[in-house]
Amino acid sequence: MNNQQTHKLESNSKIYYEQSNMYNIFSQAEDYKGLVVDFLKPLILDKKLLDVGCGTGKYVSVLAPLVSEYICLDQSKTQLEIAKNKTNKDKISYIQASAEKNGLNSNSVDVAIATWVLGSILDIDQQLAVLKETERVLKENGSIYVAENDGGCEFEEIIRREPNISTTKQTKDWLEEKGFVKVSSIDTYFEFNSLKDAQDVFYNIWGSEISKRVQSEKIAHKIAIYEKKVI
Ligand SMILES: C[S@@+](CC[C@H](N)C(=O)[O-])C[C@H]1O[C@@H](n2cnc3c(N)ncnc32)[C@H](O)[C@@H]1O
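Predicted model only: the values in this text are computed from it and were never measured. (Residues numbered from 1 in each chain as written. Predicted model: local features only at pLDDT ≥ 70, side-chain atom pairs only at ≥ 80, totals over all residues. Heavy atoms only, no water.)

A word on the layout of surface pockets. What the second largest pocket holds in volume is close to 190 Å³. In terms of lining residues, the second largest pocket is bounded by 13 residues, among which Gln28, Glu30, Asp31, Gly34 and Lys58 are the most central. Contributions of two or more residues to the lining of the second largest pocket are made by α3 (20-29) and α5 (60-63). Its residues placed into classes, the lining of the second largest pocket shows four nonpolar, five polar and four charged. (1 Å grid on protein atoms, 1.4 Å probe; cavity = no way out; pocket = protein on both sides within 12 Å on 5 of 7 lines; lining within 4 Å. Points joined across faces, edges and corners; volume = space filled by probe spheres on them. Helix = DSSP H or I, 4+ residues; strand = E, 2+ residues; numbered from the N terminus. Nonpolar A, V, L, I, M, F, W, Y, C, P; charged D, E, K, R; others polar.)

For the rest of this paragraph, the subject is the pattern of salt bridges. Opposite charge on two side chains permits them to pair, given that their charged atoms come into close proximity. Under the definition given, this model contains 12 salt bridges. Of the charged contacts, one joins Arg160 and Glu156 as a salt bridge, the two residues approaching to 3.7 Å between their closest N and O atoms. With relative accessibility at 21%, the residue Arg160 sits in the partly exposed group. A salt bridge links Lys196 to Asp200; the shortest N-O distance between them is 2.8 Å. One end of the pair is Lys196 and the other is Asp200, both in helix α10 (residues 195-206) and four residues apart, which spans about a single turn. The exposure class of Asp200 is partly exposed, given its relative accessible area of 30%. (Salt bridge = Lys/Arg side-chain N within 4 Å of Asp/Glu carboxyl O. Buried < 20%, exposed > 50% of the residue type's maximum accessible area, 1.4 Å probe, protein only.)

Bringing the side chain of Gln79 into the picture now. Counting through the fold element by element, Gln79 comes out in helix α6 (residues 77-84). Side-chain polar atoms of Gln79 contact the side chain of Ser20, separated by 2.8 Å. The contact partners of Gln79, leaving out residues within four places of it in the chain, are Ile15, Tyr16, Ser20, Tyr23, Gly55, Thr56 and Asp74. (Polar contact = N/O pair within 3.5 Å; in protein donor to acceptor, adjacent residues only side chain to side chain. Contact = heavy atoms within 4.5 Å.)

Relative orientation of the contacting elements α3 and α10 amounts to 120 degrees, with a least axis distance of 10 Å. In terms of orientation, α3 and α10 fall into the oblique class. In terms of crossing hand, the pair formed by α3 and α10 is left-handed. Residues Met22, Ile25 and Phe26 of α3 pack against Asp200, Val201, Asn204, Ile205 and Trp206 of α10. Of the residues that constitute the contact of α3 with α10, the class distribution is six nonpolar, one polar and one charged. (Axes fitted to C-alpha atoms, helices over the stretch in contact; angles between N-to-C directions. Parallel < 35°, antiparallel > 145°, perpendicular 65-115°, else oblique. Left-handed = near helix turned anticlockwise from the far one by under 90°.)

This model, assessed by the stated rule, comprises one cavity of 30 Å³ or more. There is about 40 Å³ of room inside the largest cavity. Lining the largest cavity are Val52, Ala114, Leu118, Val130, Leu131, Thr134 and Ile144. Residue composition of the lining of the largest cavity, by class: six nonpolar, one polar and no charged.

Okay, the site of the ligand next. Taken together, the neighbourhood of the ligand is formed by 19 residues, with Tyr23, Gly53, Asp74, Ala99 and Thr115 sitting nearest. Between the ligand and the protein, one listed contact pairs a nitrogen atom with a backbone N or O atom of Gln75 at 3.2 Å. Contact distances for the ligand include 2.8 Å between a nitrogen atom and a backbone N or O atom of Ala99. When isolated, the ligand has an accessible area of 600 Å², and the protein chains bury 99% of it. Residue composition of the shell around the ligand, grouped by class: seven nonpolar, 10 polar and two charged. (Near = heavy atom within 4 Å. Areas by Shrake-Rupley, 256 points an atom, 1.4 Å probe, with all protein chains shown as cover.)

With that out of the way, let us pick up helix α4 (residues 35-44). For α4, the set of buried residues is Val36, Val37, Leu40 and Ile44. One side of α4 holds all its buried residues, which, seen down the axis, span an arc of 85 degrees. In this structure, the buried side of α4 is in contact with β1 (48-52), α5, β4 (109-115), β5 (138-149), β6 (181-191) and β7 (218-230). Where α4 ends, the next residue or the one after it, Asp46, has phi of about 60 degrees, a positive value. (Arc of directions from axis to C-beta.)

Glancing now at the environment of Val52. If you trace the backbone, Val52 turns up in strand β1. Sequence separation between Val52 and Tyr94 is 42 residues, and the spatial gap between their C-alpha atoms is 11 Å. If we skip the residues at most four places from it in the chain, Val52 touches Leu73, Ala99, Ile113, Ala114, Thr115, Val117, Val130 and Thr134.

Structure below.
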């Protein structure tokens, strides 16, 4: 793995193992307005929810009070530890496992969410295996909601390495090919405590070149939400 790769937010990035606190600052700054939560709230009410690749638990504290059961799944122990410390654990269970083999019973979950997970898995066999395994545990008429970056925003311009290659577009194409429908495009922003915090986080994740492009603690971001119903 070259140096550039180890700094990106791909599925096995060292940030999820060695610098979960840094990832947590990034994740909490993302969608500062909470518009993804507003979108998800009516869809998860009283449901049994699986959060695939929950990371440091961005959604668990706000969504857990609304569901019947909340399952946090992540392959990184350090990410899960931060998620555990965010709530009182009522109704919540934690699984440290690869999302390719989650250990849950088939037809046991009403709704799954996977926010910035499928697009971060670069191995296409693994990406498909994670999707299939998530579908396996969903009940009939269950739904998967996926959040990924949407194109044409300041954030995407900042992190883009190659002018003509958009991982955002590749993820969108893959999801649509697998039966997902884009159901919302959300205009929001990252808001960090200071410009220095923002630059530090980008430096740790993407390296110095990209962190120099960050010129404000507030960064415009577009988020796409995709839905797939499992029949
Ligand atoms: C970009 S982060 C997103 C975290 C969280 N969903 C959020 O919105 O902040 C990706 C997370 O998915 C986890 N992850 C990636 N691939 C995984 C896999 N195959 N199985 C389980 N977790 C995985 C990583 O450990 C990381 O915590």
